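Each chain, letter by letter, is given below.
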Amino acid sequence: MSQRSERVVHWFRSDLRLRDNRALAAAAGRARELVLLYVLDDRLLRSSPPRARYLLAILERLARELAERGQRLVVERGDARVLVPRRLREWRAERITWGRDPSPYALRRDAAVRRAADALGVAVEEHDDRAVCEPGALRTKSGGAFRVYTPFRNAWWARFESDPPALARLPRLAPPLAEAQGLALPDAAALGVAGDATALPPA
């Protein structure tokens, strides 16, 4: 299939940036129509009021940056295992991209979404994008996990020097899918964290 010929969904998670985002770059390079999705997960929002406030500030900035490029951030709220497959079906998506998250909760969530996408005939692309060397990528000469820091550090530097990661360039963003609207981005009061006064860095 040729470039820029698919209806693609990029699912933002912790990769809330346009610069150097491998999964987003892959989506942009294939899409004739592009949906940029973020799912507000109540389980994660409840974990920390400062975290929820900071997340909202980052999402607001990301939404502004996308609007400047003629795109929009589609926000949903709920269980991604249910919402993402439902939207893939409703939007008749052909492909979904996301950045791989090695946390146990994310691995379970992503496996469920992948199974549902496979059943719908939607291609799934996962990209390593959280670290220079993803968890498990570096092994000892015997193939096991490192137990001592210095050999791990040396292996990390050797990998970095022999194969330095290249910045992912973002192609032009395809136009948004008209029927993919989503919710208005909630404010801190709507998430129940308006009373938090923790000083936060700029988003």
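Here's a quick rundown of the structure. (Residues numbered from 1 in each chain as written. Predicted model: local features only at pLDDT ≥ 70, side-chain atom pairs only at ≥ 80, totals over all residues. Heavy atoms only, no water.)

## Side note on the packing of aromatic side chains
Going through the model one piece at a time under the given rule, you end up with five aromatic pairs. Between tryptophan 11 and tryptophan 98, the ring centres sit 5.3 Å apart and the planes meet at 85°, which makes this aromatic pair edge-to-face. Placement of tryptophan 11 in strand β1 (residues 6-12) and of tryptophan 98 in strand β4 (residues 95-99) is noted, with a sequence separation of 87 residues between them. Take tryptophan 11: its relative accessible area is 1%, and that puts it in the buried class. (Phe/Tyr/Trp six-rings, centres within 6.5 Å; stacked < 30°, edge-to-face > 60°. Helix = DSSP H or I, 4+ residues; strand = E, 2+ residues; numbered from the N terminus. Buried < 20%, exposed > 50% of the residue type's maximum accessible area, 1.4 Å probe, protein only.)

## Details of the pairing of strand β5 (residues 123-127)
Remember that side chains alternate between the two faces of the sheet whenever the strand is regular. Of the pairings in the sheet, the one linking β4 to β5 comprises five bridges and is parallel in character. By the bridge assignment for β5, glycine 99 is matched with histidine 127. Once the chain exits β4 it traverses helix α5 (residues 104-120) before rejoining the sheet at β5, and the crossover so formed is right-handed. (Pairing = 2+ DSSP bridges. Right-handed = clockwise from strand over helix to strand, strands pointing away.)

What is shown is where atoms sit, not what they do.
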